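What the coordinates show
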Amino acid sequence: MPLELFLDLYSPPCRAIYIFARKNGIPFELRPVDLGRGEHLKPEFLKVNPLRKLPALKDGDFLLAESVAILLYLSHKYQAATHWYPTELQARARVDEYLAWQHTAVQVPASNVYLCKSLLPHLSGQPVDPVQLDRLLGKLKPALQHLDGEVLAAKPFLATEQLSLADLMAFTELMQPTAVGCDIFQDWPRLAAWRARVEAALGPELVQDAHRLVLQPRDPRDAQRDPKLAQELVQRLLERLS
Amino acid sequence: MWQKQMMFPVFLGEQVPPETLASTLAELDRCLQLLEDKFLKDQDFVAGPHISVADLVAITELMHPVSAGCQVFKSRPKLAAWRQRVEAEVGKDLFQEAHAAVMKVEDLPPADPAIKEKLKPSVQCLLQ
């Protein structure tokens, strides 16, 4: 049984894994799990990941959750080129440092902007709340300031002199609000230049393919298909964003 | 959780509203359940049969609500047993020494009022 990757390409960490696997020629079977339809909450998926989150990996009997753990597992198992996760001690520590920091500093605020701007209005049928959006953009600002003003002032990529897992994770995270109309690159020139560099290194076609879903406007009929589920998801989102 | 029950009242000079505390405790409970069911399971330690950095990270985090008076281990015998194992592996003296500051937080002298005022906005932000 080949490697199975449980992904929803609406999710940035899922896109990072998708891009990494494709870029490194890792054979896998894509198991789509639709977060917008609550498929991650269903009993079948609970068997794959009791944490009810994506991404998830199944390699034979081995089940693994958490995007960073999955990326590292794939890097090691398929012996990816060392620029992704350097062997040199301090270079590796820099990648580790970014990967640890980004969960709360980048992923949470960037995703919250996306949820407020796109998923919540889609599910609730209500217009975007501009006050909430503004507040959430404000929470992302310190991370952007740090990356643009400090990190990228010193080097071309986020952890080392070359593209690494840090850049891959950051790229898909920062594309999330951008893809739905909140262009977070527009005020940060070094970040914008870094984005172009990363896209060129990953390959524009692969990037486009991975982002196809999130770049499309959502079909309002999707939410209306199961109004009870939509309501439950809206509740969860409102709690998260409050 | 420690922040909400212990640090915030000290810093803000006011009690945390019961609803906030209730929802935080509920979330803590959910996390502890996951820790037991998904990570610990029937193993001795969080990532397998031997102590690892995962156990260190987990235990130090859980000592926070304990120091705030939240009896995390009392109602959870599985976690309590795991705590004993970690403490034994690390060494009781070292464990106590590492947690001395956080366990004594109730005895801390009052913070400098000027510093309190300065830190108040960021503390309030953490509550959101």
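For clarity, every value in this text was computed on a predicted model and none was experimentally measured. (Residues numbered from 1 in each chain as written. Chains lettered and ligands numbered in written order. Predicted model: local features only at pLDDT ≥ 70, side-chain atom pairs only at ≥ 80, totals over all residues. Heavy atoms only, no water.)

A few points about the overall build of chain B
When you go through chain B residue by residue, the secondary structure sums to 6 helices and 0 strands. Ordered by position in the sequence, the α and β elements of chain B form the string α-α-α-α-α-α. When contacts within chain B are restricted to residue pairs at least 6 apart in sequence, those whose partners lie at least 24 apart make up 68%. Put simply, chain B shows about 8,000 Å² of open surface, and 58% of that area lies on carbon and sulfur atoms. (Helix = DSSP H or I, 4+ residues; strand = E, 2+ residues; numbered from the N terminus. Contact = heavy atoms within 4.5 Å. Areas by Shrake-Rupley, 256 points an atom, 1.4 Å probe, with all protein chains shown as cover.)

Looking at the overall build of chain A
When helices and strands are tallied, chain A shows 10 helices and 4 strands. Taken over the C-alpha trace, chain A has a radius of gyration of 18 Å; the compact-globule value for 242 residues is 18 Å, and the two agree within 12%. In the structure as shown, chain A presents an accessible area of about 11,800 Å², 54% of it carried by carbon and sulfur atoms. In chain A, 28 side chains carry a positive charge and 29 a negative one; their mean positions are 2 Å apart. (Rg over C-alpha atoms; globule rule 2.2 N^0.38 Å. Lys, Arg positive; Asp, Glu negative; His and termini not counted. Charge placed at Lys NZ, Arg CZ, Asp CG, Glu CD.)

Brief notes about unusual backbone geometry
Of note, the bond from Leu 54 of chain A into Pro 55 of chain A is cis; its omega dihedral lies within 30 degrees of zero at 0°. The phi angle at Glu 66 of chain A is positive, at roughly 75°, despite the residue not being glycine. Along the chain, Glu 66 of chain A falls in the loop between strand S4 (62-65) and helix H3 (67-77). Here Glu 66 of chain A falls in the partly exposed class, since its relative accessible area comes to 38%. With phi around 45°, Lys 41 of chain B is a residue other than glycine that occupies positive phi space. With respect to the helices and strands, the residue Lys 41 of chain B is situated in the loop between helix H2 (18-40) and helix H3 (53-67). (Buried < 20%, exposed > 50% of the residue type's maximum accessible area, 1.4 Å probe, protein only.)

Digging into the pairing of strand S2 (residues 29-32) of chain A
Residue and element names in this part refer to chain A. Two elements, strand S1 (residues 4-7) and S2, share 4 bridges in a ladder whose sense is parallel. Residue pairing across strands places Leu 7 opposite Pro 32, the latter belonging to S2. Note that the unit made of S1, helix H1 (residues 12-23) and S2 has a crossover that is right-handed. (Pairing = 2+ DSSP bridges. Right-handed = clockwise from strand over helix to strand, strands pointing away.)

With respect to helix H4 (residues 77-90) of chain B
All names here are of chain B. Given a rise of 1.5 Å per residue, 14 residues ought to cover 20 Å, and the 20 Å separating the end C-alpha atoms of H4 matches this to within 8%. By the burial criterion, the buried members of H4 are Leu 79, Trp 82, Val 86 and Glu 87. Each buried residue of H4 lies within a common arc of 135° when the element is viewed along its axis, so the set occupies one face. Exposed side of H4, more than 90 degrees from the buried face: Pro 77, Gln 84 and Ala 88 are the residues found there. Residues of H4 that are buried in the fold lie against H2, H3 and helix H5 (92-103). Looking at the residues trailing H4, positive phi occurs at Gly 91, about 110°. (Expected span 1.5 Å × (residues − 1). Arc of directions from axis to C-beta.)

Regarding the UniProt feature "domain: GST N-terminal" (unreviewed entry) in chain A
Within the UniProt annotation, "domain: GST N-terminal" (unreviewed entry) is assigned to residues 1-82 of chain A. With 35% helix and 20% strand, residues 1-82 of chain A has end C-alpha atoms that lie 27 Å from one another. (UniProt positions renumbered as here; feature names shortened; annotations may be inferred.)

Thoughts on the environment of Arg 31 of chain A
All names here are of chain A. Here Arg 31 lies in strand S2. Residues Arg 31 and Phe 6 lie 25 residues apart in sequence; the distance between their C-alpha atoms is 4.6 Å. Excluding residues within four positions of it along the chain, Arg 31 makes contact with Met 1, Glu 4, Leu 5, Phe 6 and Leu 7. A polar contact is formed between the side chain of Arg 31 and the side chain of Glu 29, at a distance of 2.9 Å. (Polar contact = N/O pair within 3.5 Å; in protein donor to acceptor, adjacent residues only side chain to side chain.)

Considering the pattern of salt bridges
Residues and elements named next belong to chain A. What the rule picks out here adds up to 17 salt bridges over all chains. In this structure, the salt-bridge partner of Glu 29 is Arg 31, at a minimum N-O distance of 2.9 Å. Each member of the salt-bridge network shares a partner with another, and the members are Asp 34, Arg 37, Asp 222 and Arg 225. (Salt bridge = Lys/Arg side-chain N within 4 Å of Asp/Glu carboxyl O.)

Section: the interface of chain B and chain A
In this assembly, 5 residues from chain B lie in contact with 6 residues from chain A. Taken together, the two surfaces of chain B and chain A that pack against each other cover about 440 Å², and 65% of this comes from carbon and sulfur. Taken together, the links from chain B to chain A amount to 0 salt bridges. Linking chain B with chain A are 0 residue pairs in polar contact (both at pLDDT 80 or more). Among the elements that make up the side of chain B that touches chain A, the one with the highest residue count is H2 of chain B (3 residues). Of the residues in the side of chain B that touches chain A, the class split is 3 nonpolar, 1 polar and 1 charged. (Buried area = accessible area lost by both parts, 1.4 Å probe. Nonpolar A, V, L, I, M, F, W, Y, C, P; charged D, E, K, R; others polar.)

With respect to the domain arrangement of chain A
All names here are of chain A. The domain architecture assigned to chain A consists of domain 1 (3-84) and domain 2 (89-234). In this structure, domain 1 and domain 2 have C-alpha centres spaced 18 Å apart. Counting from both sides, the interface comprises 24 residues of domain 1 and, opposite them, 32 residues of domain 2. Here domain 1 meets domain 2 over a buried area of about 2,600 Å², counting both sides, of which 67% is carbon and sulfur. Where domain 1 packs against domain 2, one counts 2 salt bridges. With a shortest N-O distance of 2.8 Å, Arg 22 and Asp 209 are connected by a salt bridge. (Domains from an automatic or database assignment.)

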